[in-house]
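Residue-level structural notes
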Amino acid sequence: MSAPVIDPVRPAAPDTPAGRSTKAQRTTPGRFDTALGWNDRPGLAWALRVLLCLIALAVFAAPFLTIFSGAFTTNPSGSSLSFLPHDSTLSNFTVAGERGIWDYLGNSLVIAGGGLLLQLVVCTLAAYALARHRFRGQALVMMLFMMTLMLPEEVIAIPLSLVLGDVPVVHLDLKGTVWGVILPLGAWGFSVMMLTEFMRDIPTEIEEAARLDGVGELRMLWQIILPLCKPALGVAGVLGFIMIWDQYLLPLIAAKDPTDYTVTVALSILRTDPEVGSGVVLAGAVIALVPSLIVYLLLQRSLVTGISAGATKG
């Protein structure tokens, strides 16, 4: 009677490049794998996903293609969509420049740059105080920041106009200056709330170890807290820039002269100008769109990382 045959135990993959690559093949998802199960194997589900992506791309890309096409077309038609320019020309940009679009763009860049810098500083300091310290009235302060998100601009337009015309205590008239637009944008409740929640998730052990080494408050914020909040700062930077760049009512009530307008207000002026066509308006829209695209492309990695980090908490 023969002895039973026992299969030898397969040894574990050695800790070599070949073994590590074998393990990586078993545990690392494919290049196209996602949480929705996307993969590169053709099939009905794969074709459906491709179709949905193409539909979404058409919905979001069609307006941009129409704007760019009309900006380079001599006489674009407002009753039909065209993704390719006909009778290509640069005269629309020339006319828009003659109407002062570049000066308005410069005003917008100064306001957006100064406003975003001030907003990030104020929101970061406020979030650090709310997230890393405990004091009386903390919940009330957070509630006040959140209430600012619930007030539409039209409600505070008249009071804000009166305040900008005669700032309390100092009695300064900020109308007609860039500070009349920058200062009201110095704090944004959304950025305060997002940065506060992000800073609260930083382990307290890191802060306690730093305090044992004699680290002060400003050094704690600058060298320890802020480097850990880069994704959240990227989100605050992108969304804050877009919020400031799209302001329409505030630059309108803070201006004393048409030369103080921003590019968003200038687009409405071009639209009502009977001497220019729709192509000039579309050229101005392209000029106004470029800075937002540049900021997004520069900070898109931080934006995606910050949103992903917020979505995977807990």
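Residues numbered from 1 in each chain as written. Predicted model: local features only at pLDDT ≥ 70, side-chain atom pairs only at ≥ 80, totals over all residues. Heavy atoms only, no water.

Let us now look at the packing of aromatic side chains. Applying the stated criterion across every chain yields a total of three aromatic pairs. Taken together, a centroid distance of 5.1 Å and an interplanar angle of 45 degrees make the contact between F72 and F93 tilted. In this pair, F72 is assigned in the loop between α2 (44-71) and α3 (91-98) and F93 in helix α3, connecting sequence segments 21 residues apart. A ring pair is formed by W188 and F190, whose centres lie 5.2 Å apart and whose planes are at 45 degrees; its orientation type is tilted. (Phe/Tyr/Trp six-rings, centres within 6.5 Å; stacked < 30°, edge-to-face > 60°. Helix = DSSP H or I, 4+ residues; strand = E, 2+ residues; numbered from the N terminus.)

This part is about the confidence of the model for the chain. Of all residues in the chain, 82% attain a pLDDT of 70 or more, and the chain-wide mean is 81. Looking across the chain, the model is least confident in helix α1 (residues 17-27), with a mean pLDDT of 46, and most confident in helix α4 (residues 101-132), with 93. Low pLDDT, under 50, characterises residues 17-36; the stretch is placed with ten contacts to residues that sit more than four places away or in other chains. (pLDDT = per-residue confidence, 0-100. Contact = heavy atoms within 4.5 Å.)

A word on the nonpolar core. Nonpolar side chains tend to gather and get buried jointly when the protein is soluble and globular. In terms of nonpolar packing, the biggest core is built from 63 residues, with I101, M199, M220, I225, I244 and W245 touching the most fellow members. Considering each element in turn, this core owes the most residues, twelve residues, to α4. Not counting residues within four places of it along the chain, the set of residues in contact with I225 comprises Y128, R132, M199, I202 and M220. (Core = buried A, V, L, I, M, F, W, Y, C linked by side-chain atoms within 4.5 Å. Buried < 20%, exposed > 50% of the residue type's maximum accessible area, 1.4 Å probe, protein only.)

A separate point is the side chain of T196. As for its placement among the helices and strands, T196 is situated in helix α8 (residues 189-200). When neighbours within four sequence positions are excluded, T196 is seen to be in contact with A127, L130, A131 and M142.

The next subject is the pattern of salt bridges. Enumeration over the complete set of coordinates arrives at seven salt bridges. Taking the shortest distance from any N to any O, the salt bridge between E207 and R132 comes out at 2.8 Å. Highlighted residues: E207 in helix α9 (residues 204-212) and R132 in helix α4, separated in sequence by 75 residues. Each member of the pair, E207 together with R132, is buried. Here K256 makes a salt bridge to D173, at a shortest N to O gap of 2.8 Å. Residue K256 is found in the loop between α12 (249-254) and α13 (263-272), and its partner D173 is found in the loop between α6 (153-165) and α7 (179-182); the two are separated by 83 residues along the sequence. What you see here is one network of salt bridges that share partners, running through R132, E207, R211 and E217. (Salt bridge = Lys/Arg side-chain N within 4 Å of Asp/Glu carboxyl O.)

Along the chain, the position of V265 falls in helix α13. With a relative accessible area of 1%, V265 lands in the buried category. As a C-alpha pair, V265 and L250 span 15 residues in sequence and 9.9 Å in three-dimensional space. Apart from residues no more than four positions distant in its own chain, V265 is found in contact with Y248, P251 and L252.

Attention shifts here to unusual backbone geometry. For V169, which is not a glycine, the phi torsion comes out positive at approximately 75 degrees. Structurally, V169 is set in the loop between α6 and α7. Among the residues examined, V169 registers a relative accessible area of 76% and is labelled exposed. A positive phi angle, near 55 degrees, is found at H171, a position not held by glycine. Among the structural elements, H171 can be located in the loop between α6 and α7. H171 gets classed as exposed once you look at its relative accessible area, which sits at 57%.

Looking now at empty space enclosed by the protein. If you walk through the whole model with that rule in mind, you get one cavity of 30 Å³ or more. As a volume, the largest cavity reaches approximately 40 Å³. The wall of the largest cavity is formed by S108, I111, V181, I244, W245, Q247, P251, T262 and T264. Secondary-structure elements contributing two or more residues to the lining of the largest cavity are α4 and α11 (230-245). Of the residues belonging to the lining of the largest cavity, the class tally is five nonpolar, four polar and no charged. (1 Å grid on protein atoms, 1.4 Å probe; cavity = no way out; pocket = protein on both sides within 12 Å on 5 of 7 lines; lining within 4 Å. Points joined across faces, edges and corners; volume = space filled by probe spheres on them. Nonpolar A, V, L, I, M, F, W, Y, C, P; charged D, E, K, R; others polar.)

Our focus in this paragraph is the environment of P291. With respect to the helices, strands and loops of the structure, P291 is situated in helix α14 (residues 278-311). It is 9.0 Å that separates the C-alpha atoms of P291 and W245, two residues lying 46 residues apart in sequence. Filtering out sequence-adjacent residues up to four positions away, P291 remains in contact with L105, L109, F241 and W245.

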